[in-house]
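Listed here are the chains, written in short residue letters.
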Amino acid sequence: MESARIIATVARIVRDVGIAEEIAQDALVSALEQWPRSGVPDRPGAWLTAAAKNRAVDLVRRRETYARKLAEVGRTLSEESYDPEPSGPGDIDDDVLRLVFTACHPVLSADARAALTLRLVGGLRTDEIARAFLVPEATVAARITRAKRSLAKAGVEFEVPYGAERAARLGSVLEVVYLIFNEGYAATAGDDLLRPALCEDALRLARVLAGLMPEEGEVHGLAALLELQASRFATRTGPDGQPVLLADQNRSRWNRLLIRRGFAALEHAGDGRSYGPYALQAAVAACHARAVTYEETDWRTIAALYGRLAAVAPSPVVELNRAVAVSMADGPEAGLVLVDALADGTALAGYHLLPSVRGDLLARLGRTAEARAEFERAASLTRNARERELLLGRARAAGSQ
């Protein structure tokens with residue numbers, strides 16, 4: 001939970017995100033060694049930050065003469081307190097957001113930027129990042145290692161980009177914030193479906209970006225999407241932590257404040273004809289938010305929005321979502337045709353939601369034996385315990401019909 005903030009603080013001192021990550025890990029190791037004996041401090045985050053900052057200052061003192069570094073590091077050399085640098089007009093005064101922009105430096109490829117930032121800021125493991133990009137874990141590990149080396153070789157500092165340089169990094173920054181939220185909204189693995197801290201961090205970063213770049217429609221589109229998705233958070237799981245499907249969620253418990261914020265952000269994203277990928281997804285979420293009941297959902301509009309999204313940002317996952325919307329608008333047979341076309345490819349071969357959707361469509365068509373097999377296959381592919389339980393339950397239900 002504290003990792004990103006520690007790395008961001010240290011990166012400001014050492015000016016190297018790779019070294020900053022190592023120092024943060026050293027501080028965490030120190031906590032594991034000391035806290036069992038001394039007890040967990042009242043403010044563990046502050047303890048960790050101070051420990052990491054002290055190591056960073058020691059490194060700077062060893063690497064450079066104290067007099068030369070004093071003017072640059074300034075008040076960060078104090079072991080008692082840490083005050084942020086003063087902000088100028090248009091400055092990024094959020095350390096974690098600075099870290100995002102630094103890791104999204106143009107010296108890196110787009111894939112490397114996203115992978116490194118998800119690792120440093122989102123705290124995601126290699127397998128979680130691999131799922132987000134639908135690539136092997138080894139590929140992601142190599143990207144992260146090369147990215148750190150490239151930043152160090154290029155001498156990239158913990159800096160604030162402006163003007164055209166900031167705009168050039170924006171696409172990668174938005175992608176990273178989006179992927180961090182997604183991992184929090186539906187965790188890749190573990191015993192819990194949700195990771196609220198990741199969603200909160202992503203939503204906070206999206207709001208900061210919207211305030212920083214008010215003329216960028218897609219920034220508002222992303223903020224709208226995350227506000228609207230977050231509005232359902234309390235209803236996505238039951239008291240026992242089990243996932244609750246959209247059709248079964250108690251919409252009276254959806255957060256109306258977040259919905260209003262989402263609608264307001266979507267208005268700032270531009271007119272509907274000029275929507276980018278994030279605004280289009282936010283428009284889909286808005287359709288769900290406007291429907292008082294699941295049965296009142298405007299699936300035909302949602303299917304059309306996914307069609308537009310597939311045109312501007314082609315993706316097999318988008319096509320799978322479009323197939324679901326088409327099945328709700330035109331019937332399960334129409335959706336199954338689209339899903340079967342996706343099943344013939346390799347892009348979603350290990351993606352558990354493909355057989356899950358196919359199982360749902362087959363169940364709606366009364367083909368229960370086939371549906372059960374698809375749900376069981378989906379359960380074997382997911383690494384999230386809660387999702388696995390849900391899918392196995394649906395398999396049993398299909399087998400009893």
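Scroll up to find the structure this text is about.
Residues numbered from 1 in each chain as written. Predicted model: local features only at pLDDT ≥ 70, side-chain atom pairs only at ≥ 80, totals over all residues. Heavy atoms only, no water.

A. Representation of the overall build of the protein chain in the model. In terms of helices and strands, the protein chain carries 19 helices and 2 strands. In terms of C-alpha radius of gyration, the protein chain reaches 23 Å, essentially the compact-globule figure of 21 Å for 401 residues. Expressed as lengths along the three principal axes of its C-alpha atoms, the size of the protein chain is roughly 75 × 50 × 40 Å. A sequence separation of at least 24 residues applies to 65% of the contacts in the protein chain between residues at least 6 apart. When the accessible area of the protein chain is evaluated, it comes to approximately 18500 Å², of which 52% is carbon and sulfur surface. (Helix = DSSP H or I, 4+ residues; strand = E, 2+ residues; numbered from the N terminus. Rg over C-alpha atoms; globule rule 2.2 N^0.38 Å. Contact = heavy atoms within 4.5 Å. Areas by Shrake-Rupley, 256 points an atom, 1.4 Å probe, with all protein chains shown as cover.)

B. Molecular detail of the environment of isoleucine 23. Relative to the assigned elements, isoleucine 23 resides in helix α2 (residues 17–38). Each C-alpha atom of the pair isoleucine 23 and alanine 51 lies 9.1 Å from the other, and the pair is 28 residues apart in sequence. Apart from residues no more than four positions distant in its own chain, isoleucine 23 is found in contact with Val10, Val14, Ala52, Arg55, Ala56 and Leu59.

C. Representation of the pattern of salt bridges in the model. For the coordinates displayed, the defined rule picks out 22 salt bridges. Residue aspartate 360 is joined to arginine 394 by a salt bridge in which the shortest nitrogen-to-oxygen separation is 2.8 Å. Separated by 34 residues along the polypeptide, aspartate 360 in helix α17 (residues 353–364) and arginine 394 in helix α19 (residues 385–399) bring together distant segments of the chain. Note on aspartate 360: relative accessible area 23%, which makes it partly exposed. Take arginine 394: its relative accessible area is 24%, and that puts it in the partly exposed class. It is possible to trace a salt-bridge network through shared partners that takes in Arg125, Asp127, Glu128, Glu137, Glu183, Arg195 and Arg383. (Salt bridge = Lys/Arg side-chain N within 4 Å of Asp/Glu carboxyl O. Buried < 20%, exposed > 50% of the residue type's maximum accessible area, 1.4 Å probe, protein only.)

D. How the structure looks around the packing of aromatic side chains. Scanning the model with the defined rule gives 5 aromatic pairs in all. Relative to tyrosine 185, the ring of phenylalanine 181 lies with its centre 5.6 Å away and its plane at 20°, an arrangement referred to as stacked. Of this pair, phenylalanine 181 and tyrosine 185 both sit in helix α9 (residues 163–185), separated by 4 residues, roughly a single helical turn. The two residues phenylalanine 181 and tyrosine 185 agree in class, both being buried. Directly above the aromatic system of tyrosine 185 lies the positively charged group of arginine 236, at a separation of 3.9 Å from the ring centroid. (Phe/Tyr/Trp six-rings, centres within 6.5 Å; stacked < 30°, edge-to-face > 60°. Lys NZ or Arg CZ within 6 Å of the ring centre and 35° of its normal.)

E. Spatial organisation of the packing of helix α1 (residues 3–14) against α2. With their axes 8 Å apart at the nearest point, α1 and α2 run at an angle of 130° to one another. Of the possible angle classes, the one that applies to α1 and α2 is oblique. Seen along the crossing, α1 lies across α2 with a hand that is right-handed. Packed against α1, whose contacting residues are Ile6, Ile7, Val10, Ala11 and Val14, the element α2 presents Val17, Ile19, Ala20, Glu21, Ile23 and Ala24 at the interface. By residue class, the composition of the contact of α1 with α2 is 10 nonpolar, no polar and 1 charged. (Axes fitted to C-alpha atoms, helices over the stretch in contact; angles between N-to-C directions. Parallel < 35°, antiparallel > 145°, perpendicular 65-115°, else oblique. Left-handed = near helix turned anticlockwise from the far one by under 90°. Nonpolar A, V, L, I, M, F, W, Y, C, P; charged D, E, K, R; others polar.)

F. Local environment of helix α10 (residues 196–212). With 17 residues, α10 ought to run about 24 Å at 1.5 Å a step, and its terminal C-alpha atoms sit 24 Å apart, in line with that. Considered for burial, the residues of α10 that qualify are Leu198, Cys199, Asp201, Ala202, Leu203, Leu205, Ala206, Leu209, Ala210 and Leu212. For α10, the elements touching its buried residues are α1, α5 (95–103), α9 and α11 (217–230). (Expected span 1.5 Å × (residues − 1).)

G. Expanded view of helix α3 (residues 44–63). Between its first and last C-alpha, α3 extends 29 Å over 20 residues, near the 28 Å set by a 1.5 Å rise per residue. Of the residues making up α3, those classed as buried are Gly45, Leu48, Ala51, Ala52, Lys53, Ala56, Val57, Leu59 and Val60.

H. Summary view of the nonpolar core. Within the largest apolar cluster, 105 residues are counted, with the highest numbers of intra-cluster contacts made by Val14, Val121, Val177, Leu209 and Leu226. Setting aside chain neighbours within four positions, we find valine 177 in contact with Ala202, Leu205, Ala206, Leu209, Leu222 and Leu226. With 18 residues, the next largest nonpolar core counts Leu320, Leu336, Leu391 and Ala395 among its residues. (Core = buried A, V, L, I, M, F, W, Y, C linked by side-chain atoms within 4.5 Å.)

I. A look at the side chain of glutamate 387. Relative to the helices and strands, glutamate 387 resides in helix α19. Discounting chain neighbours no more than four positions away, the residues touching glutamate 387 are Leu193, Pro243, His352 and Thr382.

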